[in-house]
Amino acid sequence: MYEIGPFQYLFNRSQKKLICRDKITLNDGELVVITGPSGGGKSTLLQLLKGIIPEFKAGSFTGSVTFNGEALHGDGFKKNLKEILFLFQNPFSQLLYQNASEEFLFSMENFGFTKEEMDKKRSEFEDYFQLDSLWNKKTTNLSNGECQRLVLASLLAVNPKVLLLDEPTAFLDTQSRKEFYDWLVKMKGERTVVLIDHHTDEILPQADRVLVVSEEGELKEAAPENHTESSFQWPSVSGKQDRASLRLNHVYFHYPEQKNLLRDLNLSASSGDIIVIKGKNGKGKSTLFKLMTGLLKPLEGEIEIIVNGAHISLKKMRNHIGFVFQNPETHFFYDTIGEELKHVPAADKEMILSQFFKDIELSRSPFLLSEGEKRRLSLLMTIYQNRQFYFFDEPTFGQDKRSISIIRDMILEQKKAGKIQFIISHDDRFIDSLNPVVYQLEEQTLKRL
C-alpha cells in the first residue's frame, strides 16, 4: 500500500515543482492511471513512487511518500528493488545487452532465478508478448514497440508487487494496445499497477483510481481534466516553395539476422502530400524511413528523388530532409535548450515556446526535460531547418491533447508550404485530423488504403 503526501518536490535549478497537499492512499492490487498535461510532472511522480527521487535525483524533497509504511529512499529503496519495477517512457534507456534474449534473462539472473525458472518464464511470456521473433535480434535493431514489449516482459518475469509504467502503449499499434489493456484488466488484484497513458478514452473506464497532475504541478485525486484543443495558430512558412517528389520503385531490404522484412515496396509522393505509414510493431516502418532518407541502402530497387526538376542521390538527400527520430535525445548536441533552438527566428520563438512549453528555461540542458517536452523540442529543432522533406516517427508520443493539436497545425502549415511529410503513427484520431494518404505495411510490403 502506498501513502502519498503531503509533499513538495522542487526541481533542481528550476522553478518547476510537484506538490501534493493532501494524503492519497493507493491500495494493493489497484490499477491507477495518472493523467495531466505533458510536462506537468507525471513522470516525476512515478520516480517518487519508485524512490528514484530523492535517492538519486537532485532537487529539494520535503514531505512523505511511503510503501507499506516505510520510506522509499535509503534502506527502503534497496528493500524494494525487486518489489517495485519501473518501465521508463524511453525503453531503450533500460537496455544493457546487445542481444534481446540476454536482455530478457538479465533481471531474473540478477535476482537469483534458477535456469529452470528462467526457461519457464521465457516460454510463458514468449507467446503473450510475441517475443519469438526477437530472441536473435540485436537490441539496437528493435523498434520502439518491440523494445517496449521486451522490457515489460523482462520486468513481469520477476513477478514484482508493483509495476510503474510510463507511457507503456506509446509505441504500440491499435490491436497491441487493446491486448495490453485487456491484460491489465485481467491482472487487477494480482499486483498494483500505476501508469501514465494519454489514451485516456481507452484506459480510464478500467481504472480503480485516477490521479491528476495539473499544469502547475499540483497532484490531486479526481476525475481527469478535459484538456481542450489549442486555438494557437502556427506561424506561416515563408520563403520560396520548391517542387519535389519521392518515389519507391520495387524496393527490397532486410537485415542479416532478419531475412523477411521489406519486399517490393512501391510508393509515390509529391509537393504538399502527407503520407502516413501504419502497421504493427516490428514490421519495418522505421527501417523504411531510414531507406527513404539515405541512412540505409536498398538491396534491390530504386528510390527516386526529384527537387525542382533535378534528380537527387540518396547521399545528397540528407541536405533536403528533416527527420524526427523515435528517440528525441538523438537530436541533442548542445548544452542548453537555447542553443538547440538557434535556428528558430526570434519573431516566432517567444510565441511558440509559450504555447509548446510551460515556463521553459533556455539555459537548461535539453536532457533534463520530460520525455514529452523532449519530443516537442526535437520537433521544433527539425521543422525550423526549413527542408523539403520531413519524416516524423511517432510525433505525438507522450503528448496531451493540446500539444497534439499544435503538432497537427504545424504539420498542416508545412503542407500549405508544399513540403512532403511522412509520418509513422499509431494515433488514429491524430491521423484522421490530417486527412493524409495512408499506406499499410503488412506482409512485408506497402498497401495503399
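This text gives an overview of the structure that appears in the document. Note that the coordinates shown come from a computational prediction; the quantities given were computed from them, not determined experimentally. (Residues numbered from 1 in each chain as written. Predicted model: local features only at pLDDT ≥ 70, side-chain atom pairs only at ≥ 80, totals over all residues. Heavy atoms only, no water.)

### Considering empty space enclosed by the protein
One pass over the structure, following the stated rule, counts two cavities of 30 Å³ or more. Forming the walls of the largest cavity are 10 residues, and the residues nearest its centre are K16, D359, I360, E361 and R364. When the residues that make up the lining of the largest cavity are grouped by side-chain class, the tally is three nonpolar, one polar and six charged. The computed volume of the second largest cavity comes to approximately 30 Å³. Lining the second largest cavity, in full, are G29, E30, L31, L184, M187, K188, G189, R191 and V193. (1 Å grid on protein atoms, 1.4 Å probe; cavity = no way out; pocket = protein on both sides within 12 Å on 5 of 7 lines; lining within 4 Å. Points joined across faces, edges and corners; volume = space filled by probe spheres on them. Nonpolar A, V, L, I, M, F, W, Y, C, P; charged D, E, K, R; others polar.)

### Brief notes about the side chain of K285
By the secondary structure assignment, K285 is in helix α9 (residues 285-292). A distance of 3.2 Å separates the side chain of K285 from the backbone oxygen of G279, its partner in a polar contact. Look past the residues within four positions of K285 in its chain and what remains in contact with it is I277, K278, G279, K280, I424, H426 and L441. (Helix = DSSP H or I, 4+ residues; strand = E, 2+ residues; numbered from the N terminus. Polar contact = N/O pair within 3.5 Å; in protein donor to acceptor, adjacent residues only side chain to side chain. Contact = heavy atoms within 4.5 Å.)

### What to know about the nonpolar core
Ranked by internal contacts, the top residues of the largest apolar core, which has 37 residues, are F104, L163, L165 and L184. Of all elements in the fold, only β4 (31-35), β7 (84-87), α4 (100-110), α5 (115-128), α6 (144-156), β8 (162-166), α7 (174-187) and β9 (192-196) reach the threshold of two or more residues within this core. Ignoring anything within four residues of it in the chain, the contact list for F104 reads K121, R122, F125, W135, L150, A153, S154 and A157. If you look at the next biggest cluster of nonpolar residues, it comprises 34 residues, including L246, L262, M317 and I420. (Core = buried A, V, L, I, M, F, W, Y, C linked by side-chain atoms within 4.5 Å. Buried < 20%, exposed > 50% of the residue type's maximum accessible area, 1.4 Å probe, protein only.)

### What about the packing of aromatic side chains?
Following the criterion strictly, the structure yields 18 aromatic pairs and no others. Ring centres of F323 and F391 lie 6.0 Å apart, and the angle between their planes is 40°; this geometry places the pair in the tilted category. One end of the pair, F323, is in strand β17 (residues 321-324); the other, F391, is in strand β18 (residues 389-393), and 68 residues separate them in sequence. F323 gets classed as buried once you look at its relative accessible area, which sits at 10%. Accessibility expressed as a relative area gives 0% for F391, which makes it buried. (Phe/Tyr/Trp six-rings, centres within 6.5 Å; stacked < 30°, edge-to-face > 60°.)

### Here we look at the pattern of salt bridges
The full count for this structure, using the stated rule, is 18 salt bridges. In this structure, the salt-bridge partner of R21 is E218, at a minimum N-O distance of 2.9 Å. Placement of R21 in the loop between β2 (17-20) and β3 (24-26) and of E218 in strand β11 (residues 218-221) is noted, with a sequence separation of 197 residues between them. Between D119 and K115 there is a salt bridge, and its shortest N-O distance comes to 2.9 Å. Taken together, the positions of D119 and K115, both in helix α5 and four residues apart, correspond to about one turn of that helix. Residue classification places D119 among the partly exposed positions, given a relative accessible area of 40%. (Salt bridge = Lys/Arg side-chain N within 4 Å of Asp/Glu carboxyl O.)

### Details of the sheet that holds β18
Spatial strand order, β17-β18-β19-β14-β20-β21: six strands in an open sheet with mixed pairing. Taken across any chain shown, the strands that pair with only one partner, and hence form the sheet edges, are β17 and β21 (445-448). In this sheet, neighbouring strand axes are inclined to one another by 20° on average, regardless of whether the strands run parallel or antiparallel. The pairing of β17 with β18 spans four bridges and is parallel. When the bridges of β18 are listed, F323 appears paired with F391. Contacts from α9 reach β14 (274-278), β17, β18, β19 (420-424), β20 (437-442) and β21, with the element oriented near 155° to β19. Seen against the sheet, helix α13 (residues 371-383) touches β17 and β18 and runs at an angle of roughly 175° to β17. (Pairing = 2+ DSSP bridges. Axes fitted to C-alpha atoms, helices over the stretch in contact; angles between N-to-C directions.)

Keep in mind these values describe shape, not function.
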